[in-house]
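Reading the structure
Take a look at the letters that make up each chain.
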Amino acid sequence: MRIMVLKKRDLILILFFLLVGIFLIFLFNYPQQTGIAIVEQNGAEICRFDLQKQNRTEEINVGDKYNVRLKIEPGAISFIHSDCPDQICVKTGKISKPGQAAVCLPAKISVKITGNKKTHDGYTG
Amino acid sequence: MKKNKKAILLLSSILLVLIILITVIWIKSGKKPPSYECTNFAMGTYIQQTAYGKNGEKAAQEAAKKIGELENLISWRINDSDINKINSAAGSEWKTINPKTTQLLKTSLDVAKKSKGAFDPTILPITSMWDFGGDNQHVPSKTDINNFIKYVDYNNLRINENNSSASLKLHYMGLDLGAIGKGAACQEAVSAYKEKGADYGIVAVGGSIGIYGSKPDGSLWNIAVRNPKKGENQELSIGTIEIDSGFVSTSGTYEKEFTENGVTYHHLLNPKTGYPVNNGLVSVTVVCDNGALSDALSTACFVLGKEEGVKLLNEYNAEGIFIDNNNKIFVTEKLKNHFRISDSQYSILNNGVK
């Protein structure tokens, strides 16, 4: 039996496929930077936005007696207005990562971000 | 012959790549059982649950139900709740209550005693005047605070475990379990997960968190600690705690506050003075194996301050993270290796309490 000697071209070929493989593994493992924002009232979904596909900034009126308004922009969502006394929702600022949530307690309106990769299991505080 | 070899080489390379890919995808998808997420509002706050396993949905629904039942027992705002009954009968008679309420009052009294009143379940006369987050939030007059602060005294709360009853000694007294209830709710959820056979799960009731079981890949649960300074360009969290089980609660000034005549008042009131605590802390996070305790201790430690707070945590075998208004973070000894900062504006005070 003859020992097979690899040619340079064969080596390049193997290397190429290995690189493709590694690239694909990274692609599958790469955490999604953002996700789907789900707007809920009292735990029931009102609407959802794919923040990754969002390519312009817009405001939506969720209403309620507190006149809640949300701002949706590429990769992030935030409460920009509520007539509630505590303003916690507005102060929360922009949320963008899966697992994050912003809430207007008096209006019982919440926005949570879901996605395949959560950076955290939960938030305290 | 040579061509054949090349073809074999090519095919085996492709095969190799495919095998690696399939293995990776298989491992990733095989690891996670189905998960069920749900959110709702109860106990005056936002509740987020994620329960895993084929019984996840049932478990989360049971948890939501149990939290609702607990709220109906311990909220002073709800007519006919145990707490409402005790408050209405303050200064007159004992009331028979659910054993669950009795147990929670017992835990409250224990923390009240050990914290020397830094946590006080009888703080309602004062909290109801401030009404943080309510439609009538305002700074009460000095006279009102002076008149009512004497009715805040846990020594005048009496419980009888034998017949599950409780009473407040003086008229005008009132119980407010707001500083322990969310942690107790986490405990209810975790017991529901266990009862209904969820594989593992996590519940957040406001800023309190309960963990049930462990993840199949063996990784620890990571809990983000919220940045006390919220705003446009701030990161949402300042760091991460990694734990395998237990409960986490945070008391922070930013949760409920309002500004009147240029002064900002936060909701963490000193039961001795009736005014917001002003000791340089902005938040305290407590990790412990009991939900109600983690919640009550976070409030007690905030009021006590770092040094006394750490002593109290030691008594309960609990761990904590104290954040002050100079962006300095103090982490108790056992938690140090499980906490890492992600926001470079903050730094850890390493040398501990002397």
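The structure this text deals with has already been given above.
Residues numbered from 1 in each chain as written. Chains lettered and ligands numbered in written order. Predicted model: local features only at pLDDT ≥ 70, side-chain atom pairs only at ≥ 80, totals over all residues. Heavy atoms only, no water.

**Remarks on the state of the cysteines**
Basically, it comes down to this: In this description, the term disulfide denotes a pair of cysteine sulfurs within 2.5 Å. Only protein chains enter the accessibility calculation, which uses a 1.4 Å probe. A residue is then buried if its area is under 20% of the maximum for its type, exposed if over 50%, and partly exposed in between.
Inspection of the entire model under this criterion finds zero disulfides over all chains. Here C47 of chain A is not cross-linked by a disulfide; its sulfur's nearest cysteine counterpart is in C104 of chain A, at 15 Å. C47 of chain A sits in the partly exposed class, given a relative accessible area of 22%. Not part of a disulfide, C38 of chain B finds its nearest cysteine sulfur in C186 of chain B, a span of 13 Å. The exposure class assigned to C38 of chain B is buried, which follows from its relative accessible area of 16%.

**What about the sheet that holds strand β9 (residues 237–243) of chain B?**
To keep it simple, the criterion reads: Strand pairing is assigned whenever DSSP identifies at least 2 bridges connecting the two strands. By the criteria applied, helices consist of DSSP H or I runs no shorter than four residues and strands consist of E runs no shorter than two, each listed in order from the N terminus. Simply put, an axis is a line fit to the C-alpha atoms, just over the touching stretch for a helix, and the angle between two N-to-C directions goes from 0 to 180 degrees.
Read from one edge of the open sheet, four strands run β8(A)-β8(B)-β9(B)-β16(B), paired in mixed fashion. Because the sheet does not close on itself, it has two edges, and the strands there are β8 (122–124) of chain A together with β16 (339–341) of chain B. Sheet twist, expressed as the average angle between the axes of neighbouring strands with direction ignored, equals 30°. Summarising the sheet, strand β8 (residues 221–226) of chain B and β9 of chain B pair through six bridges and their orientation is antiparallel. From the neighbouring strand, N222 of chain B faces β9 of chain B, where its bridge partner is E242 of chain B.

**Regarding the packing of helix α4 (residues 99–114) of chain B against helix α8 (residues 291–304) of chain B**
Residue and element names in this part refer to chain B. Formally: Working rule for handedness: look at the near helix, and if it is turned counterclockwise from the far one by less than a right angle, call the crossing left-handed; if clockwise, right-handed. When checking whether two residues touch, look at their non-hydrogen atoms; a contact exists if any pair is within 4.5 Å. Each residue gets one label: Ala, Val, Leu, Ile, Met, Phe, Trp, Tyr, Cys and Pro are nonpolar, Asp, Glu, Lys and Arg are charged, and the others, such as Gly, are polar.
Running from N to C, α4 and α8 cross one another at 30°; their axes reach a closest spacing of 10 Å. When the axes of α4 and α8 are compared, the crossing they make is right-handed. Mapping the contact onto sequence places L104, T107 and V111 in α4 and A292, L293, A296, L297 and A300 in α8. Here the residues of the contact of α4 with α8 sort into seven nonpolar, one polar and no charged.

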